[in-house]
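One letter stands for each residue in the lines below.
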Amino acid sequence: VMSPHDVVVIGEHSLLFIDNQTGDLFMQRRLEYKSTAVCSYPSADNNCDNIIVASNTGHVMVYDNLKLIWASNVPANTTATVVFVQVTSFFEAKGLITIMDDEGQLAVACLGTRPSPAKLRDDDKPLDFDAMDE
C-alpha cells in the first residue's frame, strides 16, 4: 500500500511507485493508454493518496493505489494534450480538477457527478463586464 510520502513516476504507459527511503520500485501499473500528466491528492480516508492520470485519449482517470475508481472526459475546451492536472479549491468549492493543455487552455471540472452549490466569489457586488473589457 502506498504511503503519502512515496514517489509516483509516470511513464508513457505505466505508473511506477517508488519507496522514497530506499528508491526501490514496490508497485507498478501498466496503462492501456499513453499518459500525459499525473498528480496525487489526499484520499478521503487519508491512508494514502489517490492518483489522477490524464491521457492522450482525452480522459482523466482517478486511481486508488492500482484500482481505477473514477474516469471522465476532459472538458471540451481542452482539445490538445493535457500537460497539467491538479485537484484544487476555489473559495468554497472543493475537489475541483484543474487541467491545462499544451496550447495553454485551462479548464476546471468537478470531481464527481454533481457539484455542490458553492459561492465562487468572495463578494456579492454585481459584475461590471464593461469595465472588465477595458
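Residues numbered from 1 in each chain as written. Predicted model: local features only at pLDDT ≥ 70, side-chain atom pairs only at ≥ 80, totals over all residues. Heavy atoms only, no water.

### Things to note about the confidence of the model for the protein
Taken as a whole, the protein shows an average pLDDT of 79; of its residues, 78% reach a score of 70 or greater. The least confident element of the protein is helix 1 (residues 129–133), whose mean pLDDT is 72; the most confident is strand 5 (residues 49–55), at 88. (pLDDT = per-residue confidence, 0-100. Helix = DSSP H or I, 4+ residues; strand = E, 2+ residues; numbered from the N terminus.)

### Re a nonpolar patch on the surface
On the surface, Val83, Phe84, Met100 and Leu106 cluster together into a nonpolar patch covering about 330 Å² of accessible area. Here Met100 lies in strand 9 (residues 93–101). What makes Met100 partly exposed here is its relative accessible area of 31%. (Patch = residues over 30% accessible without salt bridge, like charges linked within 9 Å, V, L, I, M, F, W, Y side chains within 5 Å. Areas by Shrake-Rupley, 256 points an atom, 1.4 Å probe, with all protein chains shown as cover. Salt bridge = Lys/Arg side-chain N within 4 Å of Asp/Glu carboxyl O. Buried < 20%, exposed > 50% of the residue type's maximum accessible area, 1.4 Å probe, protein only.)

### A word on the environment of Gly95
One can find Gly95 in strand 9. Once the C-alpha coordinates of Gly95 and Cys110 are considered, the two residues, 15 residues apart in sequence, prove to be 6.7 Å apart.

### So, the nonpolar core
With twelve residues, the main nonpolar core is built from Ala37, Cys39, Tyr41, Ile52, Ala54, Val60, Val62, Val74, Val82, Val85, Ile97 and Ile99. Elements with a minimum of two residues in this core: strand 4 (35–42), strand 5, strand 6 (59–64), strand 8 (82–90) and strand 9. Sorting elements by how many residues they give to this core places strand 4 first, with three residues. Of all hydrophobic cores here, the second largest spans nine residues; its members include Tyr33, Ile51, Met61 and Tyr63. (Core = buried A, V, L, I, M, F, W, Y, C linked by side-chain atoms within 4.5 Å.)

### Section: the sheet that holds strand 5
In space, the four strands of this open sheet follow the order 4-5-6-7, with antiparallel pairing throughout. The open sheet has two free edges, formed respectively by strand 4 and strand 7 (67–73), since each of these has just one partner strand. Shown here is a sheet whose adjacent strand axes are inclined to one another by a mean of 20 degrees, direction ignored. Bridge count between strand 4 and strand 5: seven bridges; the pairing is antiparallel. Along strand 5, the bridge assignment pairs Ser40 with Ile51. (Pairing = 2+ DSSP bridges. Axes fitted to C-alpha atoms, helices over the stretch in contact; angles between N-to-C directions.)

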